[in-house]
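Working through the structure, step by step
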Amino acid sequence: MSNAVMGHTDRRLDGASVLRPDERDRLRAYLEGQLAVAKAKGTWRPYRDSVFNLVLLATGIRVGAACQLRQADVRVGRGERELRVRKAKGGKPRRVRVPESLRAVLQGYLAAFPATDTEAPLFSGSLATPKPMSRSTGWRRWKKALRAVGLDAPGRGCHAARHGLGLALWKQTKDLRVVAAQLGHQDLRSTMIYTAPLPEDVDAALDSTW
């Protein structure tokens, strides 16, 4: 590994900026519970909010890109499991892979609220007005979910979902290329942040020696 890449390990995630694996699990369980209730009642807004937050949590997509998704950008048909981001960071398009379980969620969401125009927003601001949900609305929906499970904290915004996925992928695979591919990093130096140990990682290693 080059010295340039190694130098990036000085960057670290602080406590608020990342969801730990156990926190991701808590939030996922809550969101899936809310989704089940919304499906049973047929209520659109809670359904939309649950799916929106699950997309952030499971894919690491940036909140602005998630808000701008169109129904045509959701590729979850037979043999497909990706989201098409038309304008990612840097202005370039990219594709974001989707976990199999989220694929089924997106299929159900599209079936429950079908649109005649495939260019309609995936996450509309309202059913009556076919405009994309605003970034500020998406941020508020995310913060509301965090508060519901006791995970809200100053500085913990939507990017905590992205960092949480990056950390989880690194811990699972130990392969920076996998993490970079999912998060859309062009330079592995950006991905090195997930290799820096968190305080609890140091504590666990230290405890095992004593």
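What this report covers is the structure whose coordinates are included nearby. None of the values given here were measured: they were computed from a predicted structure. (Residues numbered from 1 in each chain as written. Predicted model: local features only at pLDDT ≥ 70, side-chain atom pairs only at ≥ 80, totals over all residues. Heavy atoms only, no water.)

**Some details on the overall build of the protein chain**
How we decide: Numbered from the N terminus, helices here are DSSP runs of H or I no shorter than four residues, and strands are runs of E no shorter than two. Only C-alpha atoms enter the radius of gyration, while the globule expectation follows 2.2 Å times N to the 0.38, with N the number of residues. Summary of the burial criterion: residues with accessible area below 20% of their type's maximum are buried, those above 50% are exposed, and those between are partly exposed, where the area comes from a 1.4 Å probe applied to protein chains only. Charged residues are defined here as Lys and Arg on the positive side and Asp and Glu on the negative side; His and the ends of the chain fall outside this count. The atoms used to mark charge sites are NZ of Lys, CZ of Arg, CG of Asp and CD of Glu.
Each helix and strand counted, the protein chain has 10 helices and 3 strands in total. Starting at the N terminus and ending at the C terminus, the protein chain contains elements arranged as α-α-α-α-β-β-β-α-α-α-α-α-α. Scaling as 2.2 N^0.38, a compact globule of 210 residues should have a C-alpha radius of gyration of about 17 Å, and the protein chain matches this with 18 Å. For the protein chain, the C-alpha atoms occupy an extent of roughly 60 × 35 × 30 Å along the three principal directions. Per-residue burial over the protein chain gives 44% buried out of 210 residues. Seen as two clouds, the 37 positive and the 20 negative side-chain charges of the protein chain have centres 7 Å apart.

**Digging into the pattern of salt bridges**
Keep this limit in mind: In the sections that follow, a salt bridge refers to a side-chain nitrogen of Lys or Arg positioned within 4 Å of a carboxyl oxygen of Asp or Glu.
The full count for this structure, using the stated rule, is 16 salt bridges. Note that Lys143 is salt-bridged to Asp152, the shortest N-O span being 2.6 Å. Two residues, Asp187 and Arg189, come together in a salt bridge whose shortest N-O distance is 2.7 Å. By relative accessible area, Asp187 is classed as partly exposed at 30%. It is possible to trace a salt-bridge network through shared partners that takes in Asp73, Arg84, Arg86 and Glu119.

**Comments concerning the environment of Lys174**
For Lys174, the location among the structural elements is in the loop between α7 (159-173) and α8 (176-183). On the basis of relative accessible area, Lys174 is assigned to the exposed category, the value being 53%.

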